[in-house]
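# Structural features, examined
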Amino acid sequence: MARPNQARLDLAALRHNLGVARGLAPQSKVMAVVKANAYGHGAVTISRQLQSLADALAVASIEEAVELRDAGITAPILLLEGVFEARELGIAAQLGFWVTIDNEWQMRWLEEAVLPEPVHCWLKVDTGMHRLGVPAARTDEFYARIKASGNTGDNPVIYTHFASADDVTSDQTSEQMALFDRACDGLPALRSAANSPGLLAWPDARYDWVRPGYMLYGNSPMAAPHPNAKDLQPVMTLTSAVISVREIAAGEAVGYGANWIAARPSRIATVTIGYGDGYPRVAANGTPVLVNGHRAGLAGRVSMDMITVDVTELPEVQVGDEVVLWGKGLPLAEVASHAGTIGYELTTRMPARTPRVVIND
């Protein structure tokens, strides 16, 4: 028998979340972001589901894009970080990838390249993230150079990325949009700015293309609850099962380092999942799990292959009972907060050891 731990992928939820994105920006085209193995969900599985529903896909690097082409994905794919060396432009042209231009080196490689086919370019403009992108004041120059290069057959899309769109109280997003509008003024180009929080919370940021990523997987990127995120449905539910139950006396310790000590006679369930399966080692005592749909708290340090849970208040728990670590019924963000991190990290660090099991295909 296999270990019972698995990451269940609800593809009906994925389709629903894409519908939420389209409903928020009905006049915009949708680029579904599937970088980092589709945020840990499985890039090929997710892309096969999305390629006929979204207008394009986006990845971080050419390796991620090649993986999708090799799996038969035919949708347009944007390289969000562009190419890392000149020779990758030829691969991009051959396989039909869309290419980001975000700095002088990439611009020169495009100008000097001899390509088998033109490439469609997206010009990234730095409006305040200060990570990638050409200076906003040089947008006209780079746009003209892309057009004049002879290696692109149409107008580049101009885009930018928000630094603080998850915080609706911050002025930075409005300032970035104003700078972006000035940078694009007068250029006959489609525009894109909205990532997931931009799409959810900033209507003026939706422009011609939107680029949802995290929200597609059913998780809110917002720093506080937001009405537009309430209908999102989790795609990944991480589950396992109880493999042992024991009674311990008050004053007894559980797990490595003895950092959880029973304040009363307690019942402890051992669950076969740990940091080797993607569950965060730094999850604190009391981090919630669902045992047979009921909440219980972590008791003791997370091990490589196991966790221990205080089920004293759940006397019916027995070996074989299902445990949900996050997902349906238990928000990913809540678990992440107990581990001092964000949900993005928990799903993207999900290892291959934890099988992805598709439901509602």
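Definitions and limits used
Residues numbered from 1 in each chain as written. Predicted model: local features only at pLDDT ≥ 70, side-chain atom pairs only at ≥ 80, totals over all residues. Heavy atoms only, no water. Helix = DSSP H or I, 4+ residues; strand = E, 2+ residues; numbered from the N terminus. Buried < 20%, exposed > 50% of the residue type's maximum accessible area, 1.4 Å probe, protein only. Contact = heavy atoms within 4.5 Å. Areas by Shrake-Rupley, 256 points an atom, 1.4 Å probe, with all protein chains shown as cover. Pairing = 2+ DSSP bridges. Core = buried A, V, L, I, M, F, W, Y, C linked by side-chain atoms within 4.5 Å. Polar contact = N/O pair within 3.5 Å; in protein donor to acceptor, adjacent residues only side chain to side chain. Axes fitted to C-alpha atoms, helices over the stretch in contact; angles between N-to-C directions. Parallel < 35°, antiparallel > 145°, perpendicular 65-115°, else oblique. Left-handed = near helix turned anticlockwise from the far one by under 90°. Nonpolar A, V, L, I, M, F, W, Y, C, P; charged D, E, K, R; others polar. Arc of directions from axis to C-beta.

### Overview of the overall build of the chain
Summing up its helical and strand segments, the chain has 11 helices and 19 strands in all. Considered along the principal axes of its C-alpha atoms, the chain spans approximately 75 × 45 × 35 Å. Split into buried and exposed, the 361 residues of the chain put 55% on the buried side. By sequence separation, contacts in the chain at least 24 residues apart represent 65% of the contacts at least 6 residues apart. Accessible surface computed for the chain: about 15,500 Å², of which carbon and sulfur atoms make up 51%.

### Focus: the pairing of strand E2 (residues 29-33)
Of all 5 residues in E2, 4 are buried; the element is thus mostly enclosed. Relative to strand E10 (residues 209-210), E2 is paired through 2 bridges, and the arrangement is parallel. When the bridges of E10 are listed, Val 30 appears paired with Val 210. Pairing of E2 with strand E3 (residues 56-59) involves 3 bridges; the strand directions are parallel. In the strand pairing of E3, Met 31 is matched with Ala 56.

### Some words on the nonpolar core
In this structure, Tyr 279 and Ile 307 are the most contacted members of the largest nonpolar core, which totals 114 residues. A per-element tally of this core places helix H1 (residues 11-24) first, with 7 residues. Apart from residues no more than four positions distant in its own chain, Tyr 279 is found in contact with Gly 274, Thr 287, Val 289, Leu 298, Val 302, Ile 307, Leu 325, Trp 326 and Val 335. Listed in part, the 6 residues of the second largest apolar core include Ile 248, Trp 260, Ala 262 and Ile 268.

### Some thoughts on the environment of His 161
Of note, His 161 is situated in the loop between strand E8 (157-159) and helix H8 (172-184). Through-space distance from the C-alpha of His 161 to that of Ala 38 is 19 Å; in sequence the pair is 123 residues apart. Discounting chain neighbours no more than four positions away, the residues touching His 161 are Lys 124, Thr 127, Met 129, Arg 131, Gln 176, Asn 195 and Arg 211. Within polar-contact distance, the side chain of His 161 engages the side chain of Arg 211 at 3.3 Å.

### Describing the packing of helix H6 (residues 104-112) against helix H7 (residues 139-148)
Packed helix pairs are characterised by how far apart their axes lie and by the angle those axes make with each other. Two numbers describe how H6 lies on H7: the axes approach to 9 Å, and their chain directions differ by 20 degrees. Regarding the angle of H6 to H7, the classification is roughly parallel. Here the hand of the crossing between H6 and H7 comes out left-handed. Residues Glu 104, Met 107, Arg 108, Leu 110 and Glu 111 of H6 lie in contact with H7, whose contacting residues are Phe 142, Arg 145 and Ile 146. Residue composition of the contact of H6 with H7, grouped by class: 4 nonpolar, no polar and 4 charged.

### Describing H7
Of all the residues in H7, the buried ones are Thr 139, Phe 142, Tyr 143, Arg 145 and Ile 146. Seen from one end, H7 has its buried residues packed into an arc of 165 degrees, which puts them on one side.

Taken by themselves, the reported measurements are silent on function.
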